[in-house]
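Residue strings, one per chain:
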Amino acid sequence: MEIRATQNPDDGTKHYSLTPLRAIRGVMCLVVLILSAFMMLVYFGFLSSVFIRLFSIHYSRKVLSFFFGAWLALWPSLFEKINRTKVIFSGETVPPRERVLLIANHRTEVDWMYLWDLAWRKGCLGYIKYVLKSSLMKLPVFGWAFHILEFIPVERRWEVDESNMRQMLASFKDRQDLLWLALFPEGTDFTEQKCIRSQKYAAESGLPTLKYVLLPKTKGFCACLEDLRASLDAVYDVTIGYKPRCPSLLDNVFGVDPSEVHIHVRRIMLDDIPISEEELSGWLMDAFQLKDQLLSNFYSHGHFPNEGTEGDLPTVKCLVNFSAVILLIGILTYLTIFSSIWFKIYVSLVCCYLSAATYLNVRPMPFLSFLRTLFRF
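Being a predicted model, the structure only gives us computed values, none of them experimental.

## Describing unusual backbone geometry
Then, number 1: For the peptide bond that leads from Lys243 to Pro244, omega is 0 degrees, which places it in the cis range.
Then, number 2: Cis geometry marks the peptide bond from Asp257 to Pro258; its omega dihedral reads -5 degrees.
Then, number 3: Turning to its location among the elements, Pro258 is positioned in the loop between α9 (249–254) and β7 (260–268).
Then, number 4: Even without being a glycine, Asn306 presents a positive backbone phi close to 60 degrees.
Then, number 5: By the element assignment, Asn306 lies in the loop between α10 (277–301) and α11 (315–338).
Then, number 6: Within the chain, Asn361 stands out as a residue other than glycine whose phi angle is a positive 55 degrees.
Then, number 7: The topology assignment puts Asn361 in the loop between α12 (341–360) and α13 (367–376).

## As for the nonpolar core
Then, number 1: Counting 74 residues, the largest nonpolar core has Leu115, Trp116, Tyr130, Trp180 and Val238 as the members making the most contacts within it.
Then, number 2: It is helix α1 (residues 20–52) that contributes the most residues to this core, 12 residues altogether.
Then, number 3: Setting aside its immediate chain neighbours within four residues, Tyr130 contacts Trp112, Leu115, Trp116, Phe151, Ile152, Ala182 and Phe184.
Then, number 4: Grouped together as the second largest cluster of nonpolar side chains are 39 residues, Leu181, Cys224, Val235 and Leu280 included.

## Points about the UniProt feature "domain: Phospholipid/glycerol acyltransferase" (unreviewed entry) in the protein chain
Then, number 1: Here the UniProt feature "domain: Phospholipid/glycerol acyltransferase" (unreviewed entry) sits at residues 100–222.
Then, number 2: Annotation note: span residues 100–222, helix share 40%, strand share 15%, distance between end C-alpha atoms 14 Å.

## Brief notes about the packing of helix α2 (residues 57–72) against helix α3 (residues 74–82)
Then, number 1: The interhelical angle for the contact between α2 and α3, taken along N-to-C directions, is 20 degrees, at an axis separation of 4 Å. Judged on the interaxial angle alone, α3 and α2 are roughly parallel. Of α3, the residues touching α2 (which contributes Ala70, Trp71 and Leu72) are Leu74, Trp75 and Pro76.

Conventions used here
Residues numbered from 1 in each chain as written. Predicted model: local features only at pLDDT ≥ 70, side-chain atom pairs only at ≥ 80, totals over all residues. Heavy atoms only, no water. Helix = DSSP H or I, 4+ residues; strand = E, 2+ residues; numbered from the N terminus. Core = buried A, V, L, I, M, F, W, Y, C linked by side-chain atoms within 4.5 Å. Buried < 20%, exposed > 50% of the residue type's maximum accessible area, 1.4 Å probe, protein only. Contact = heavy atoms within 4.5 Å. UniProt positions renumbered as here; feature names shortened; annotations may be inferred. Axes fitted to C-alpha atoms, helices over the stretch in contact; angles between N-to-C directions. Parallel < 35°, antiparallel > 145°, perpendicular 65-115°, else oblique.

See below:
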């Protein structure tokens, strides 16, 4: 069974070879991204997620979204300006700065990164959060960032995940805070072997047989809508396709793949989505059948319907953001390495705190909330 799409030699896309120049450029980009993530975390992430949060979760999130939105914007700049990857949007044009639940297919390990290209265009880059597998929280530096940015870690076993997920969702209900909560209902990235297992289960259970996506898991999606429905503006149903082939993280870093990323967006009003868990599960299954058909047509025709809903990222905007981040990170790096010993002590203590907080999955409670809880008992 052939699942991966083949390249059309006439469609203008191609796989780039890993030349020495691309390798050097990729290593330099990776070093900059990791160093900048580390500096953002220890100086701005810690201060905003601990000290500001002690007084206001809302303003803590605003400060975090500003600084980490600037850092996350380095990735779309890498994809679209340095690697020259064409990101083509289709479907519906969505309004800026909404509170949404976003569901997407999971073709490869880097799908979630390309959602940043849409979020930046909509002014929500610093507010995007993901439901992700808990093992990713163990990554050095990036695991700390996932914790500070309030991503929801899951073991992919509902009896284990429900309590923590409900607790996190309860903290996202404030309509003052922008929110893009991204969920991949398949629960894992797509491979041919996983597709075969999914199709076998579908045949045994009387469910639709899907070729380009896996059967979605419904519990997490139902919980998100049940807890957040009253505070959301819409649900975005996003379908992602790649040309000429699905990339890995290193393909992205070195700029060898993909040549094009196609992102199809449906904006769905909450009134059009059922309420009961049984009906919600059926609705999600129908949505993934539609994704499967969209991807089938995409690999047949080379594009999704109704292309051109979003324009290119402005080059000046990318340059200004890149220059500001690099200047800031350069100053912080100099202070950390060459300045007072107190900077090194501060960085060491912050690293210890971030490691412990991420491992224990704890966050400070604002003073007023703490006092209310204390005196309630």
